[in-house]
Amino acid sequence: MRLRIDHLTRYVYSQPVGHSSQIAHLRPRALPGQQCVSHALLIEPEPSSRRDCLDYFGNPITRFDLGMPHEALTVRAISEVELDRATQDLARSPAWEDVRTGFAGPLWGNDEQAQAGEYLFASPYIPLDPALRDFAAQDFVAGRPVLEACVALMERIHDSFEFDPNATHIATPVGQVLEMRRGVCQDFAHLMIASLRSLGLPARYQSGYLLTEPPPGMPRLEGADASHAWVAVFVPGIGWAEFDPTNAVRPGNGHVTVAWGRDFGDVSPLRGVILGGGEHGVEVEVTVRPL
Amino acid sequence: MSLLRNYSPTSDRYDELLAASGAPRPHWKALLDHLQWMGPRALQEARDAVQRQIAENGVTYNVYADPRGADRPWDLDLLPAILPAEEWQGIAAAIRQRATLLNAVLADLYGPQRLIAEGQLPASMIQAHPGFLRPCKGIETPGGIHLHLYAADIARAPDGSWWVASDRTQAPSGAGYALENRAIIGSQFPSLVRSLRVQPLHAFFQALRDALAHWAPCDDDAPLIVLLTPGSLNETYFEHAYLARHMGIPLVEGQDLAVRQGAVFLKTLSGLRRVHAILRRIDDVWCDPLELRADSALGVPGLVEVARRGGVLIANALGSGLIESGALLGFLPAICEHLLGEPLQMPSVATWWCGEPQARDIVMQKLPQLVVKSAHGAGIIEPAYGGGLTPEARQALREKIRQQPRAYVGQEVVRLSRLPVWSHRGAALEPRLTMLRVYAAATPNGYIVMPGGLSRVANPDDQHIVTIQRGGGSKDTWVLGGAQESLPLATPDNGYPTVITEHDHGSLASRTGENMFWLSRYAERADCALRLLRCGLRQQLAADDREWPVLLAAGQRTATLPRLTPPLSPQATLLAALHETTSPDNGAIGNLRQVLRIARSLRDRLAPDSWRIHNRIERLVNAWQRGPHTLSDALEFLDQTLMLLITLSGYTMEQMTRDAGWRFQSIGRRIERLQFLSLALQEMLVPEPPHAPALNSLIDLSDSVLTYRRRYQRAPELGPVAELLLTDHDNPRAFVYQLQSLLDHLQQLPGDVPPQGIDALLTVVAALRGRRAEEWVSDEAHATALRELLRQSWQAGNALGNTLQNHYFSHVAPRATLS
């Protein structure tokens, strides 16, 4: 399936911004089963400098600076992606405690498993917390295959939390989301990752897009009109398995991966520092259509 | 030996002073003889002199937790710690090796990570560490140096061997204090310093500076090196300013720097200037809000990317705090063999990282004998001494370790050695536990070690811990002569590039210029206010109330005297103006406080003499606030304070280079005096009827009593006073003098001053010239015109201040982080 993504971000400032430095995570990653056929990043006003590179996690990024005073910034990313992802077999995964044991030691060497250790620990947006471990415990019963338990946790988050774009903001702590039982895709992803890490399992944050209009007969999914976020869990012998707790689905050919990291802070679509600017407003529009 | 009567020998610790036999070790003999010769009385005097010098020089260590706030005086013992040459050579060689090793470890962990691939270090040790700055992985540092300045805390075990307790690799503090300790203690024992050939310290910083200049990416330009500080509230700010002065490099804050086109620039009064090297005292994660902690207001946005592109040298390299981790210590001997092919010369205190199951078991078992610390650097978890915990607390600690084993290390508790301090109360030597912080700097010829260091001694009650934060003290550290370690000296022909110093034209940071501008403005405001109060006090002491109503009006107009309801007596009003709680916000005391606040952030720019004057003012003001006072006390206080302010302004005139900073100081002073005069003349020379002029007061507070008497030889009269204070071009307290002087200074400023700052001044000067002085005061119609002119000149001063502010200082706009 080929998809076209149009991601528009527009900042408007109440006072002129004298200088602005930005880092964009807007170009979809190249992955097995996901090919970025074309990508254009349009920036208005014209940046005074701009550079494409990879970040620590291997995600493509664009850095740019605006040196002239401006009162608005528009960033539009237009990408075409070819998706052909194989479905993972959930049936034969090891017991979750075995995975935990595999990650309990010092992790010697630099094979794929040792590298997954990157996603075992607390990160700036994701503290580890006994309350989160307790929250996850009811799905992670003794001997249960790890992927089966992840599906159960994903479904429970979906069933017992309400999608509510007004309840939280970027910096809402995971503990508060757990108490309020509401939030958006980013909160649910953080919550699930925090739960898994609190159990001792490596889990990473995936950011990207969802198909806006679903195929005929399928329901429209939450989070389709903005950038989306979900979760991947590492299982030795299987690799990374993905879960979308916002929609209780396993990401397939409707999910486009842009970047991954430990949490939102590593892969924020646009992160920047501005000089001046006063108050600012931001608008984001995302459309994803099949070609 | 009476000096040693309180110094009982011990057998369970190493004693730096006494050998096992109980006799002093040979390298202490010269000092002990000297102390004996001086006698207790001279020693008490020397100790007092040390205290005095600390106070005079303003050597402070800020303690965040101290509610009495900043600036605790530095605690320095009279006696030095002494190390013989042969022993020092062993220490220095071990520290050189360790610095070389740790630099190689950093280069690997932020580079290819072979240590992990080859099984020398476990992956999770790095992954779990919050000090591993992921954005910095892959950055190549100039010359491959990550660790430019390194410090180790070393301790001596009962058998006399030295052990490393911890490494300081991020922005090690204390070396500047060591330098200041030497300056103070060395001056107490000059003959001993010479005869023992105590190795000097200052070449160390020359070498550090030359090395930074050597590696700084500057093509062929003279490199600009800056010292980056979090600001004057930081606990070791004294040291930042001291080192900046000592090394002759500008002291800057994050907001003084900007990243443009892949390079770092200093915002100076004459525009942006490229910075080639940054010696930083800001911790890793705060250095760049764009790529590191977004909530940092201390850092420089875009700094990481400049480092990545090789545009600036950052010392130490970003992310170097990673290897302060105690988790590394257990792996270090094997890594040393692996990387350097030689054994580690000085062992680390035995440390187990709980991320390894076997090590964790050992920590759990030996907990009562260990101290448990964060594996991720100081300050994250308070160290817990297993032996001092209740069984329940110990169990709770074990549970915490089980929860997050990788976050903890267990370390053996060192039986620290003892060192003598001079006890003021006991008038004799007393033992204290001690640790030594030693320093190494990278140079093109390898690491060099500062021959000395910062000896720290514990509180008498502390058994294990030696930290300045907890109230321990410090000592000068003498490494005795012998084969001198030769340091490369900073001579012009040593092949290193010349460094731009703060004295070079145009490297004055805009914020510094702004501070100098305001320093003199507040000083002049304080001066004017104090003079007005002194004038009032003198009249009260002479029981002369005649001019009080006019003086009160002028005092209130200039925010010098409080507006009290109901009104108090003149005497009570004057005393109220001098008390912090009752004086107007902008009054004499408030302005003095502002002077002291700004002087602190200009610490690196103020010469020691000037700093001492500020210090005296501070002590005078603090002492004054403590007690109730009589009028004559108040007069004494005013006289003393004014004397110090005059000394300061004289210092500015006589000692300072005429650079842009001096220019802004002079302009600031003139603006304030112009504004004060225009208010005072309105109220006192041409007051609105029915008040009569207060001529005695006016010439008193204009410091013109003598001039008037000499010139006119009669009681003050309106015409002559007007001539002296309005239009006399030669009187530095005259109105016209301020205007003319401002116009002269403005011509000398860098760049062009916008006309809106100057035009109003020119208008006032032209109008003033239109009449002779006595005409301005000849009748009420002229007086009204003069009042209007004075009002205009006050406005002109205001407009000029704002114009300079916007034109020279304000490109520091507020910053925001978006995500």
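See the structure above.
Description of the structure in this document. (Residues numbered from 1 in each chain as written. Chains lettered and ligands numbered in written order. Predicted model: local features only at pLDDT ≥ 70, side-chain atom pairs only at ≥ 80, totals over all residues. Heavy atoms only, no water.)

## Digging into the pairing of strand S10 (residues 271-275) of chain B
The side chains of a regular strand alternate, residue by residue, between the two faces of the sheet.
Then step 1. Two elements, strand S9 (residues 263-268) of chain B and S10 of chain B, share five bridges in a ladder whose sense is antiparallel. Bridge assignment links Phe265 of chain B to a residue of S10 of chain B, and that residue is Arg274 of chain B. (Pairing = 2+ DSSP bridges. Helix = DSSP H or I, 4+ residues; strand = E, 2+ residues; numbered from the N terminus.)

## Quick notes on the pairing of strand S16 (residues 408-412) of chain B
Residues and elements named next belong to chain B.
Then step 1. For S16, the tally of buried residues reaches four of five residues, placing the bulk of the element in the interior.
Then step 2. Where strand S13 (residues 351-353) meets S16, three bridges bridge the pair, whose relative direction is antiparallel. Looking across to S16, one finds that Trp352 is bridged to Gly410.
Then step 3. Both strand S14 (residues 370-374) and S16 contribute to a ladder of five bridges, which runs antiparallel. When the sheet's bridge partners are listed, Val372 is paired in S16 with Gly410. (Buried < 20%, exposed > 50% of the residue type's maximum accessible area, 1.4 Å probe, protein only.)

## Quick word on the pattern of salt bridges
Then step 1. Using the criterion set out here, one finds 60 salt bridges over all chains in the structure.
Then step 2. The shortest N-O distance in the salt bridge between Arg182 of chain A and Glu162 of chain A comes to 3.2 Å. Separated by 20 residues along the polypeptide, Arg182 of chain A in strand S7 (residues 182-183) and Glu162 of chain A in strand S6 (residues 162-163) bring together distant segments of the chain.
Then step 3. One salt bridge connects Glu430 of chain B with Arg432 of chain B, and the closest N-O pair in it is separated by 3.6 Å.
Then step 4. Accessibility expressed as a relative area gives 18% for Arg432 of chain B, which makes it buried.
Then step 5. A single network of salt bridges, built from pairs that share partners, joins Arg51 and Arg63 of chain A together with Glu291, Glu305, Arg308 and Arg309 of chain B. (Salt bridge = Lys/Arg side-chain N within 4 Å of Asp/Glu carboxyl O.)

## A word on the sheet that holds strand S8 (residues 203-210) of chain A
All names here are of chain A.
Then step 1. Sheet architecture is open: four strands sit in the order S10-S9-S8-S11, paired in antiparallel fashion. The outermost strands of the open sheet, each flanked by one partner alone, are strand S10 (239-243) and strand S11 (255-261). For this sheet the average axis-to-axis angle between neighbouring strands, irrespective of direction, equals 35°.
Then step 2. As defined by bridge partners, S8 adjoins S11 across six bridges and the pair is classed as antiparallel. Paired with Gly208 across the two strands is Thr257, which belongs to S11.
Then step 3. Packing against the sheet, helix H4 (residues 146-160) makes contact with strand S9 (228-235) and S10, and its axis sits at approximately 20° to S10. (Axes fitted to C-alpha atoms, helices over the stretch in contact; angles between N-to-C directions. Contact = heavy atoms within 4.5 Å.)

## Some details on H4 of chain A
Residues and elements named next belong to chain A.
Then step 1. A rise of 1.5 Å per residue sets the reference length of H4, with its 15 residues, at 21 Å; its end C-alpha atoms lie 21 Å apart and thus fit the reference within 8%.
Then step 2. Those residues of H4 lying buried are Val146, Leu147, Ala149, Cys150, Val151, Ala152, Leu153, Met154, Arg156 and Ile157.
Then step 3. In this structure, the buried residues of H4 make contact with helix H1 (96-102), helix H3 (130-137), helix H6 (185-199), S9 and S10. (Expected span 1.5 Å × (residues − 1).)

## Quick notes on the sheet that holds S14 of chain B
Then step 1. Taken together, four strands build an open sheet; the order of strands is S13-S16-S14-S15 (chain B) and the sheet is antiparallel. What marks the edges here is a single partner per strand, and that holds for S13 and strand S15 (384-385) of chain B.

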